[in-house]
Structures are given as structure tokens and as C-alpha cells.
Amino acid sequence: MSTNKGKPAACCVIKEEEDDNFDESTLLDMYKDLAQNKQPDDLVTPTTTKALNSSTNVLLVYRLNEMRSLESVNFTLAIACLVYCGINIALIIVNYVNSNSPTNDVVVSEKSFHLLEFWATFFFSIVTCISLTSTPKSILNIYNDPLTLRLILFFNIVAASLPAVLITLNMEYFETISHQIEYLNELTMSFIDLVLVWSLCQSAGADSATTSMAVISSIVALIQLAVYNGMGKTDSGEMIGEVPAHFLEFTFGIISSLIAFAFCMDNKFVCKKEIGEILYGTHIDCNICRASFTEYSGTYGSKTTGTYGSKPSLASRYGSV
């Protein structure tokens, strides 16, 4: 069904008039007009309306349920981001206490400390991946190359799970290489932070503080890699820069978790806004639906136009629709 010529469908809402003349015959005529893709006068929002919208568009019900589901998912992810933030604060405290304790009398064992560190990072990588794939906004509005973004997300999960598994199997043998992989992966995570902040800026949900956090997290990711490798080793082969690098690592984790939290909450508010438009507003030519339509056309159409010109889309492999 098309509500306006030349614009994507799926956004039309009909409101019932509180009028004695609005009988069954009027409703039947309206349905006939809709079946013939006409624009009846009843599609115009009347001045006096009931509180809740009604619509003959069954796809609108699907869209409403989808937005409710995404709202719940993003709220859960936002809570998970705060949990990860709390874990990093706790690890900073433990790192400080252990570094000032005798070698044989640490408050928290090295094994428990590193297991929590690596597995928390792995689960946060999953949270970040889900948040970017569960956003109601178009991926094209977040990053102009969705395929590259998804590849980075999947690489992020692999690079976060590998050191977690290695440190679980044998911490003494794999500790150094696991930290090297983790700190290199944080460069990827800092790129994702910048992408999330860019998305917030596009929706006017980011302020100067959020942007500054993204820039700081990128700098911290570079510094901690240099600190860990640049301070040398002890006679026993342990990295001298491990303790200060841990402080930088957990600071980076706190910043990343807060950026991801802001992104998830922004997604939740976007979903809530569209739910309100479907139930109580007009929902005509909604920006979210139009952006999704553009992304779908650009992905599954005959070709897509990017920075370097036109290129085949997924339609070349699976066929256009």
C-alpha cells in the first residue's frame, strides 16, 4: 500500500472519526479505496480523533512487534554494558591491591584475575556485536560499508575469544601472547567505539563528552600496547609493564562500556519513539522506515553506489527482488 506517490509504503495509519456518519458503509468504501491503491479522504488525520490509532495495514502490526522486541533487547544490552563497566572498576581496584601486596600473598589469585579479565572482554564483544545488529537505525547511517563493519565485528569476537580460551587452558604458558592479542584487539574495539559515537552524532544523541571519550579510548588503546611491550621483562621473563598496562586496559574498558551504553539507550529511545508514532501519531513517511527501505534497496538492488563508484550488490549472488 502506498500512502504518497513515489515514497515507500508501510507507514500509513488510519484514525477513526468520532462522527455519527462513520458507519459500516463508509468503512467498506475506505477498504475498497485501499485495495485500489487510492488515497481516500479518511487517510488524512482528522482534527477530532480517538486516543489509539487503527489501521488496515497488517505489516504495521509486525513493525510494532519488531520495535517492541528491539526496545527490550537494547535495554538488556544497556544493563550488560553497565555490568561490564562495574567489572572493570573492580579489576582496577584488584590490580592496585595485588600490585602492592607481597608476591606470595595477593588478595585475588592471578588465575581468577585473568579469567575474569579475558572472559568479561569476550562477553562485552558479543554485546557490542548484538547492539550493532539489533539497532532500529539503518546500518548505512552508521557506516557506509556494512560488510566491512560486520567483518570487523566478527573479527572482534574471534580476537576476544582466542586469548580467553588460551588463558583458561594454561595461564603461565599463554599469558604473554594472550595479552598481546587482547591489546591488539582493543585497537579494533576503539574503531567500533568511533563508529558508535558517529551513529550517536547522526541522531543528535552524542555530546562533546561522548566524542571525547571515543578519542581518548583510541589513544589509550595505543598507549597500553606500547607500555606493555616497551618496559622490558624481568629476569623470570614476566612483563614489567603488565600492571600499568592493566590500569590502561580497564580504563579503556570503562570508556567503551559507557559509549556502548549510550548507543544502546539511543536505540531504545528510537524504538520507543516509533512505537508511539504507530500507536498515537501519524507514522506517515517515518524516517526510520525510509532509511530501512534505502538500505534494503541498496543491498538487494541491482547495484550499490559507494565511495568508489557502483559495485555489484548481494543481488548478483542471490538475485534481485
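Heads up: the structure comes first, above all this text.
Here's what I pulled together on the structure shown here. (Residues numbered from 1 in each chain as written. Predicted model: local features only at pLDDT ≥ 70, side-chain atom pairs only at ≥ 80, totals over all residues. Heavy atoms only, no water.)

What follows is about the overall build of the protein. The helix and strand tally for the protein stands at 10 helices and 2 strands. When the elements of the protein are put in sequence order from the N terminus, they spell out α-α-α-α-α-α-α-α-α-β-β-α. Going through the 321 residues of the protein one by one, you find that 42% of them count as buried. Partitioning the intrachain contacts of the protein with sequence separation of at least 6 by distance along the chain shows that 74% fall at a separation of at least 24. About 17200 Å² of surface is accessible on the protein, with carbon and sulfur atoms providing 62% of the total. (Helix = DSSP H or I, 4+ residues; strand = E, 2+ residues; numbered from the N terminus. Buried < 20%, exposed > 50% of the residue type's maximum accessible area, 1.4 Å probe, protein only. Contact = heavy atoms within 4.5 Å. Areas by Shrake-Rupley, 256 points an atom, 1.4 Å probe, with all protein chains shown as cover.)

All right, on to the side chain of histidine 179 then. Checked against the element boundaries, histidine 179 lands in helix α6 (residues 171–202). Residue histidine 179 is classed as buried on the basis of its relative accessible area of 0%. If near-sequence neighbours (up to four positions away) are discounted, histidine 179 is found in contact with His114, Glu117, Phe118, Tyr228, Glu242 and His246.

Let us look at the packing of helix α3 (residues 110–133) against helix α8 (residues 242–279). Geometrically, a packed helix pair is captured by the angle between its two axes and the distance between the axes. Across the interface, α3 lies against α8 with an axial gap of 11 Å and an inter-helix angle of 25°. Considering their axes alone, α3 and α8 lie roughly parallel with respect to each other. Handedness of the α3/α8 crossing: left-handed. Seen from α3, the contacting residues are Phe113, His114, Glu117, Phe124, Ser131 and Leu132; seen from α8, they are Glu242, His246, Glu249, Phe250, Ser256, Ser257, Ala260, Phe263, Cys264 and Asn267. Its residues assigned to classes, the contact of α3 with α8 comprises 7 nonpolar, 6 polar and 3 charged. (Axes fitted to C-alpha atoms, helices over the stretch in contact; angles between N-to-C directions. Parallel < 35°, antiparallel > 145°, perpendicular 65-115°, else oblique. Left-handed = near helix turned anticlockwise from the far one by under 90°. Nonpolar A, V, L, I, M, F, W, Y, C, P; charged D, E, K, R; others polar.)

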